[in-house]
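Here is what each chain is made of, one letter per residue.
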Amino acid sequence: MKMKEEQFRLIKQQLKKLTSQDCFYKRKLEGIDVDSIQSQEDFEKLPFTWKGDLREAYPLGLMAVPEEEIVRIHSSSGTTGTPVIIPYTRQDVEDWAEMFARCYKTAGITDLDRIHITPGYGLWTAGIGFQNGAEKLGAMVIPMGPGNTDKQLRMMVDMKSTVLCATSSYALLLAEEIAKRGIGDQICLKKGVIGSERWGEKMRKRIADELGVKLYDIYGLTEVYGPGIGISCDYECGMHMWDDFVYFEIVDPKTGEILPDGEVGELVITTLKKQGAPLIRYRTHDLTRIITGDCPCGDPHPRIDTILGRTDDMVKVKGVNIFPSQIEEMLSGVDGASSEYQFMIDHMYGKDICTLFVEINADANAYNMEAAIQSAFKSKIGITVNVKPVAIGDLPRSEKKSTRVFDNRY
Ligand code: ZN
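Criteria and thresholds
Residues numbered from 1 in each chain as written. Predicted model: local features only at pLDDT ≥ 70, side-chain atom pairs only at ≥ 80, totals over all residues. Heavy atoms only, no water. Donors = N, O, S within 2.8 Å, 3.2 Å for Na, K, Ca; no water. Tetrahedral: all angles 85-135°; square planar, octahedral: opposite > 155°, others 65-115°. Buried < 20%, exposed > 50% of the residue type's maximum accessible area, 1.4 Å probe, protein only. Pairing = 2+ DSSP bridges. Helix = DSSP H or I, 4+ residues; strand = E, 2+ residues; numbered from the N terminus. Core = buried A, V, L, I, M, F, W, Y, C linked by side-chain atoms within 4.5 Å. Contact = heavy atoms within 4.5 Å. Salt bridge = Lys/Arg side-chain N within 4 Å of Asp/Glu carboxyl O. Expected span 1.5 Å × (residues − 1). Phe/Tyr/Trp six-rings, centres within 6.5 Å; stacked < 30°, edge-to-face > 60°. Axes fitted to C-alpha atoms, helices over the stretch in contact; angles between N-to-C directions. Parallel < 35°, antiparallel > 145°, perpendicular 65-115°, else oblique. Left-handed = near helix turned anticlockwise from the far one by under 90°. Nonpolar A, V, L, I, M, F, W, Y, C, P; charged D, E, K, R; others polar.

**Q** Go over the coordination of the zinc ion, please, and point to the residues and values.
**A** At this site the zinc ion is bound by Cys-233 (SG), His-240 (NE2), Cys-295 (SG) and Cys-297 (SG), with donor distances of 2.1 to 2.3 Å. Because the angles between the 4 donor atoms bound to the zinc ion fall within 101 to 114°, the donor set is best described as tetrahedral. Along the chain, the residues donating to the zinc ion fall in the pattern C-x6-H-x54-C-x1-C. Classification of Cys-297 as partly exposed rests on a relative accessible area of 32%.

**Q** Give a detailed account of the sheet that holds strand E15 (residues 309–310), specifying residues and quantitative values.
**A** Sheet architecture is open: 4 strands sit in the order E10-E11-E12-E15, paired in antiparallel fashion. In this open sheet, the two edge strands, each paired with only one partner strand, are strand E10 (246–251) and E15. With 6 bridges joining them, E10 and strand E11 (residues 265–271) adopt antiparallel strand pairing. Within E11, the position partnered with Val-246 by the bridge is Thr-271.

**Q** Account for the nonpolar core, with residues named and values stated.
**A** Among the nonpolar cores identified, the biggest contains 67 residues, and Tyr-104, Ile-115, Val-193, Tyr-219, Val-224, Ile-229 and Ile-269 are the most heavily contacted of them. Considering each element in turn, this core owes the most residues, 7 residues, to helix H5 (residues 90–106). Beyond its immediate chain neighbours, meaning those up to four positions away, Val-224 contacts Ile-229, Val-246, Ile-269, Thr-271, Lys-274, Leu-279 and Tyr-282. One finds Ala-364, Ile-383, Val-385 and Val-387 within the second-largest nonpolar core, a separate group that totals 25 residues.

**Q** Quick rundown of the pattern of salt bridges? Include the residues and the values.
**A** Applying the stated criterion across every chain yields a total of 27 salt bridges. Between Asp-53 and Lys-28 there is a salt bridge whose closest N-O contact spans 2.8 Å. Here the residue Asp-53 occupies a position in helix H4 (residues 51–56), and Lys-28 occupies one in helix H2 (residues 24–28), the gap between them amounting to 25 residues.

**Q** Please set out helix H1 (residues 5–19) residue by residue, giving values where relevant.
**A** One turn of an α-helix holds 3.6 residues; hence residues three or four places apart share an orientation. The end-to-end C-alpha separation of H1 is 21 Å, in line with the 21 Å expected for 15 residues at 1.5 Å each. Those residues of H1 not exposed but buried are Gln-7, Phe-8, Leu-10, Ile-11, Lys-12, Gln-14, Leu-15 and Leu-18.

**Q** Could you give an account of helix H8 (residues 168–181), with specific residues and numbers?
**A** Over its 14 residues, H8 extends 20 Å from the first C-alpha to the last, a length consistent with the 20 Å expected when each residue adds 1.5 Å. Listed as buried for H8 are Ser-168, Tyr-170, Ala-171, Leu-172, Leu-174, Ala-175, Glu-177 and Ile-178. The inward-facing, buried residues of H8 abut helix H7 (149–158), strand E5 (163–166), strand E6 (191–195) and helix H9 (201–211).

**Q** Describe the side chain of Ser-76, listing the residues and the values that go with them.
**A** Among the structural elements, Ser-76 can be located in strand E1 (residues 70–76). Apart from the residues within four sequence positions on either side, Ser-76 is in contact with Lys-51, Pro-83, Val-84, Thr-222 and Glu-223.

**Q** Before we move on, could you go through the packing of aromatic side chains and cite the residues and values that matter?
**A** Throughout the structure, instances matching the rule amount to 7 aromatic pairs. Seen from their ring centres, Phe-43 and Tyr-247 are 5.7 Å apart, and the 80° between their planes marks the pair as edge-to-face. Of this pair, Phe-43 sits in helix H3 (residues 40–43) while Tyr-247 sits in strand E10; the two residues are 204 residues apart in sequence, bridging distant segments of the chain. Ring pairs connect the aromatic residues Phe-100, Tyr-104 and Phe-130, which therefore count as one cluster.

**Q** Lay out the packing of helix H10 (residues 324–332) against helix H11 (residues 366–380) in plain terms, naming residues and giving numbers.
**A** In the contact formed by H10 and H11, the axes pass within 10 Å of each other and the chain directions differ by 130°. One way to sum up the angle between H10 and H11 is to call them oblique. By crossing handedness, the relation of H10 to H11 is classed as right-handed. Within the contact between the two elements, H10 uses Ile-327, Met-330 and Leu-331 and H11 uses Ile-373, Ala-376, Phe-377 and Lys-380. The residue inventory of the contact of H10 with H11, partitioned by class, reads 6 nonpolar, no polar and 1 charged.

Following this line, the structure appears as structure tokens:
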């Protein structure tokens, strides 16, 4: 995708500022002459910023303005130890609210809506992001936070909430509770704004049907403001990204090379206006692709696909990048195949051998299934694999996210 002139100007301005004062990026970009960056190609040679870099800057090493300008911090979850702390200036908080309000508008939400917010409040960027955007829009916020289903449903009924903000799993839980209690006719929800985690089409349909709402995927990450830097529109064909605030690239997660528009790779984000903790070429680890062409909704903001997975889940075989959601999608199109599978990659006799174990329905013919799945894999994903149909229940189940791809090559 071509960088816009205004984006280049903002990036250049930011790079100049960051390298002229003692801060994280002055050290990170040491030895790079910012004046020599004259084009998008020059920019693309700049080093990436990794989550590990941000972790090393703990606690406040990312701060790029004098402390008196910082009004708040947020932190991304430190599942692997040290958390990442992101400082925000008043302008950053304002910009984030502005983007978030734009997300609500894109979803057709107005100041007459009553927005029921279930994501958590606190160090995390979720709840407060949904709230600031809603207040900016002028809607009525019902700041629930997570948990306490009884209270959630009571408020939803009594307050006549029209918009539900939630993770997909919590939205599903609420939908099921509403169905179980038979209170669907007392629920006034019209729309759901769902934090972008990867969720299948089946789950989406269940939530939408049970709640009777239209769903929107909202995108964002704590390191880059938080949720609200992009959202899907009525046409459900990707998420519009607010490219006046962020510049994004899609790169090959293994090599870091920029990929042609439309190819799946890792989303890399550069902030254009952030003051407290600007980021240059930040590797998000989210897998997606640029959606080319104009959106039927008429919004000119560029689009990326809904998040297809994490780079850690991706493997490269015979020059083709393969990730779990692709395999799931392929299997969902094959009659008789279940969604349970295991994908093994081994290196034997000097080449990569792939084997896909798939649970198939009891009434399906294993021989036919093998051929059908092999052909679907070849046409949808692009390589030939060995297919081993197994009975339902043969593959291991796990309460947590189960591992489905095993790379035994190294
Ligand atoms: Zn659109």
